[in-house]
Amino acid sequence: LSPFWDVLLRTAKLEMVDLDEAGHEDIVAAAPVEQSNLVELVWREHLPLGMNLLLNDESGQLKVVDFPRGSQARTVCEAKNLSPDGFKGATIVAVNGIRYQNDDDLFEALKDPARPKTIQFELADTEAAERVRKFVEESENMGKPKVPLKDILKREFKCRQVTFTEPTDLGIEFANS
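Q: Just checking my understanding: could you explain the side chain of Thr118 for this structure?
A: Here Thr118 shows up in strand S5 (residues 117-122). By relative accessible area, Thr118 is classed as buried at 19%. When sequence neighbours within four positions are dropped, the list of residues in contact with Thr118 reads Glu40, Leu41, Val42, Ala94, Val95 and Asn96.

Q: Explanation requested: helix H2 (residues 72-79) in the structure shown.
A: Residue pairs three or four apart in sequence face the same way in an α-helix, which turns once every 3.6 residues. Restricting attention to buried positions, one finds in H2 the residues Gln72, Ala73, Arg74, Val76 and Cys77. Tucked into the core, H2 has its buried residues touching strand S1 (38-43). Note on H2: the residue one or two positions beyond its end, Asn81, has a positive phi of about 55°.

Q: Looking at this structure, I do not really get the pattern of salt bridges. What am I missing?
A: Side chains that differ in charge, positive against negative, can pair when their charged atoms come close. Per the stated rule, a full pass over the model turns up four salt bridges. Among the ionic pairs, Arg10 bridges to Asp6, the shortest N-O distance being 3.1 Å. In this pair, Arg10 and Asp6 both sit in helix H1 (residues 5-11), four residues apart, roughly one turn of the helix. Note on Asp6: relative accessible area 42%, which makes it partly exposed. Where Asp85 meets Lys88, a salt bridge forms, and the shortest distance between an N and an O atom there is 3.6 Å. For Asp85, a relative accessible area of 44% gives the class partly exposed.

Q: Explain the side chain of Lys117 here, please?
A: Relative to the assigned elements, Lys117 resides in strand S5. Of the side chains with opposite charge, Asp112 comes closest to the buried, unpaired Lys117, at an N-O distance of 4.5 Å. Within the structure, Lys117 has its side chain in polar contact with the backbone oxygen of Asp112 (distance 2.7 Å). Aside from chain neighbours lying at most four places away, what touches Lys117 is Leu41, Val42, Trp43, Leu49, Val95, Asn96, Ala109, Leu110 and Asp112.

Q: How should I be thinking about the packing of aromatic side chains in this particular structure?
A: The geometry of two aromatic rings is summed up by the distance between their centres and the angle between their planes. A full pass over the atoms with the stated rule returns four aromatic pairs. Measuring from centroid to centroid gives 6.1 Å for Phe67 and Phe121, while their planes differ by 65°, and the two rings are edge-to-face. With Phe67 in the loop between strand S3 (63-66) and H2 and Phe121 in strand S5, this pair connects stretches of sequence that are 54 residues apart. Judged by its relative accessible area of 0%, Phe121 falls in the buried class.

What counts as what
Residues numbered from 1 in each chain as written. Predicted model: local features only at pLDDT ≥ 70, side-chain atom pairs only at ≥ 80, totals over all residues. Heavy atoms only, no water. Helix = DSSP H or I, 4+ residues; strand = E, 2+ residues; numbered from the N terminus. Buried < 20%, exposed > 50% of the residue type's maximum accessible area, 1.4 Å probe, protein only. Contact = heavy atoms within 4.5 Å. Salt bridge = Lys/Arg side-chain N within 4 Å of Asp/Glu carboxyl O. Lys, Arg positive; Asp, Glu negative; His and termini not counted. Polar contact = N/O pair within 3.5 Å; in protein donor to acceptor, adjacent residues only side chain to side chain. Phe/Tyr/Trp six-rings, centres within 6.5 Å; stacked < 30°, edge-to-face > 60°.

Here's what the structure looks like:
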């Protein structure tokens, strides 16, 4: 910066005597930077992003369920030598550097087909990832019948013969496909 000090000082309307000198007490030892759980991935291909998302999490945030095999998300993740399973339960924080105020806008930004697309994730701790996994598992089980498949297969089918004595409309329509 030394070639630019005169421009900086004139812009700030300062003189060199206005600046304080740093003393020994002003200089401190370097503190280690805390590990961050934020990860940014970049999608470049004009293909679907390839993320299964949980849209109705109790936290109200968009959560990653998983990156399916063969998806662009998994490919992008593996290209950075990251495990796709590490993103299970992660929260989507920003898209293209923008942190949206509500999840509807965030979801619309994800749906935008423009590439490249940068998505920032906040990785979940093990407990949060497990909570998302259980929530998805319970949701999937809600649509399944409670009767075991073996009991369904034991059903008996019977035929009855019905005789109509008067001409009437049965309410059955046949169509050509």
